[in-house]
Amino acid sequence: MNYNIAVLDGDGIGPEICAGAIKVLNKVGEKFGHNFNFEHLYIGGCSIDKFGTPLPQETIDKCLKSDSVLLGAVGGYKWDNLPGNERPEKGLLGIRKAMNLYSNIRPAKLWKSLAKASPLKYDLVKNGVEIIIVRELIGGIYFGERYKGVDENGVEYAWDTEKYSVPEIERITKIACEMALKRSKKVVSVDKANVLESSRLWRKTVHEYAAKHYPEITVEDVLVDNMAMQIVKNPAQFDVVVTSNIFGDILSDEAAQVTGSIGMLASSSLGDSKCGLYEPIHGSAPDIAGKDIANPIATILAAAMMLRDSFDLTDEYAAIENAIQSVLDENFRTADIYEEGKIKVSGSKMADLIAQKI
Ligand code: IPM
Ligand code: MN
């Protein structure tokens, strides 16, 4: 089969980690008889420098026509002082919206061989942790109205709005319930219903929708502040977690850290079609860009998720996951997951090792 993949390398370590994922995809193609065509497109800071916008129309058009999209990361010090609307991050938010990617799946999994890399006590994680965060991606405060002004006394003020409609909550609840059906049949819904009106609607809608369409699923509510605590207190208690855009952003970083390194976590973003966007959950790490020390595993896993979730290539997904597992079992580590006694390798070497195992 032929697959056309749009590659949005972005900024900082983006190009290096995408190169690692492409290397692995090409090896998968060779082994399993697929032809992956890659077209590199601009997004983020590099696009601001070249075209004066973080998201050129050409990038949107070509992503929409592709079979799926692989993204590295956007942002960097260089663009930190631009107004909100012109920042590199706006490119990422824009492409999520343009492709209608409302569902963001962020699995935080603790790899057995990395249990010692978790900052938590070994006892808390030794039986494994796998939290599937289902984050709503194109609504809420990220996309609500915002304003910055100066009042009559010359005092500056600003506001942002968190807004959710019933259909927006229902469609993400459906994704979480479908995921839970294949797993523990339990969904934890995270909100701040003791304070926010939008959270009260969220909570009510999640329960009504799940009860009507997925009676076999149990839904439990956890307030976001308590959730932040529970993730470090006992992460193994969670399976599928559904939440809003901003809470999902915050909790997925926390869950990532619990599993050892944010350099290991991938995410898939999908809407109603099979064309999705796959990216590591970490950022562009401008401080280590160009040094070949960034861990490419999150991006390689994102590529694997693309094969599974967009192209239905489950054996190919498993081949990549197993390859990562064996390279870790053989004690190879990039700097972020290095522990004494292991073999430290560069980012490109890590990708080579994984590709060789396919
Ligand atoms: C993420 C990132 C983005 C987000 C930023 C870069 C806009 O933190 O994908 O988690 O907040 O969604
Ligand atoms: Mn984030």
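Residues numbered from 1 in each chain as written. Chains lettered and ligands numbered in written order. Predicted model: local features only at pLDDT ≥ 70, side-chain atom pairs only at ≥ 80, totals over all residues. Heavy atoms only, no water.

## Details of the pattern of salt bridges
Under the criterion given, the structure shown has 22 salt bridges. Two residues, glutamate 208 and lysine 204, come together in a salt bridge whose shortest N-O distance is 4.0 Å. Note that glutamate 208 and lysine 204 are positioned in helix H7 (residues 197-213) at a spacing of four residues, about one turn of the helix. Connected through salt bridges with shared partners, the residues Glu39, Glu58 and Lys62 form a single ionic network. (Salt bridge = Lys/Arg side-chain N within 4 Å of Asp/Glu carboxyl O. Helix = DSSP H or I, 4+ residues; strand = E, 2+ residues; numbered from the N terminus.)

## With respect to the packing of aromatic side chains
On inspection of all chains with the given rule, the structure shows seven aromatic pairs. Measuring from ring centre to ring centre gives 5.2 Å for tyrosine 42 and phenylalanine 51, while their planes differ by 85°; the resulting arrangement is edge-to-face. Note on tyrosine 42: relative accessible area 34%, which makes it partly exposed. Take phenylalanine 51: its relative accessible area is 42%, and that puts it in the partly exposed class. Geometrically, the ring pair formed by tyrosine 147 and tyrosine 157 is tilted, given 6.0 Å between the ring centres and 50° between the ring planes. Note that tyrosine 147 is positioned in strand S6 (residues 146-150) and tyrosine 157 in strand S7 (residues 156-160), a separation of ten residues in sequence. Members of the aromatic cluster, connected to one another through ring pairs, are Tyr3, Phe36 and Phe311. In this structure, arginine 308 is placed above the aromatic ring of tyrosine 317, and the distance from its NZ or CZ to the ring centre is 4.4 Å. (Phe/Tyr/Trp six-rings, centres within 6.5 Å; stacked < 30°, edge-to-face > 60°. Buried < 20%, exposed > 50% of the residue type's maximum accessible area, 1.4 Å probe, protein only. Lys NZ or Arg CZ within 6 Å of the ring centre and 35° of its normal.)

## Description of the pairing of strand S4 (residues 103-109)
Here is the key point about a regular strand: its side chains alternate between the two faces of the sheet. Within S4, six of the seven residues are buried, which leaves the element mostly enclosed by the surrounding structure. Note: S4 against strand S5 (residues 130-136), seven bridges, orientation antiparallel. Bridge pairing in S5 places asparagine 104 opposite arginine 135. (Pairing = 2+ DSSP bridges.)

## Here's the deal with empty space enclosed by the protein
Per the counting criterion, the structure on display carries one cavity of 30 Å³ or more. Here the largest cavity is characterised by a volume of approximately 40 Å³. Surrounding the largest cavity, Glu162, Tyr164, Val190, Asp191, Ser198, Ser199, Trp202, Ser244 and Phe247 form its lining. Broken down by secondary-structure element, the contributors of at least two residues to the lining of the largest cavity are strand S8 (186-191) and H7. Residue contributions to the lining of the largest cavity peak at three residues, all from H7. Split into classes, the residues belonging to the lining of the largest cavity amount to four nonpolar, three polar and two charged. (1 Å grid on protein atoms, 1.4 Å probe; cavity = no way out; pocket = protein on both sides within 12 Å on 5 of 7 lines; lining within 4 Å. Points joined across faces, edges and corners; volume = space filled by probe spheres on them. Nonpolar A, V, L, I, M, F, W, Y, C, P; charged D, E, K, R; others polar.)

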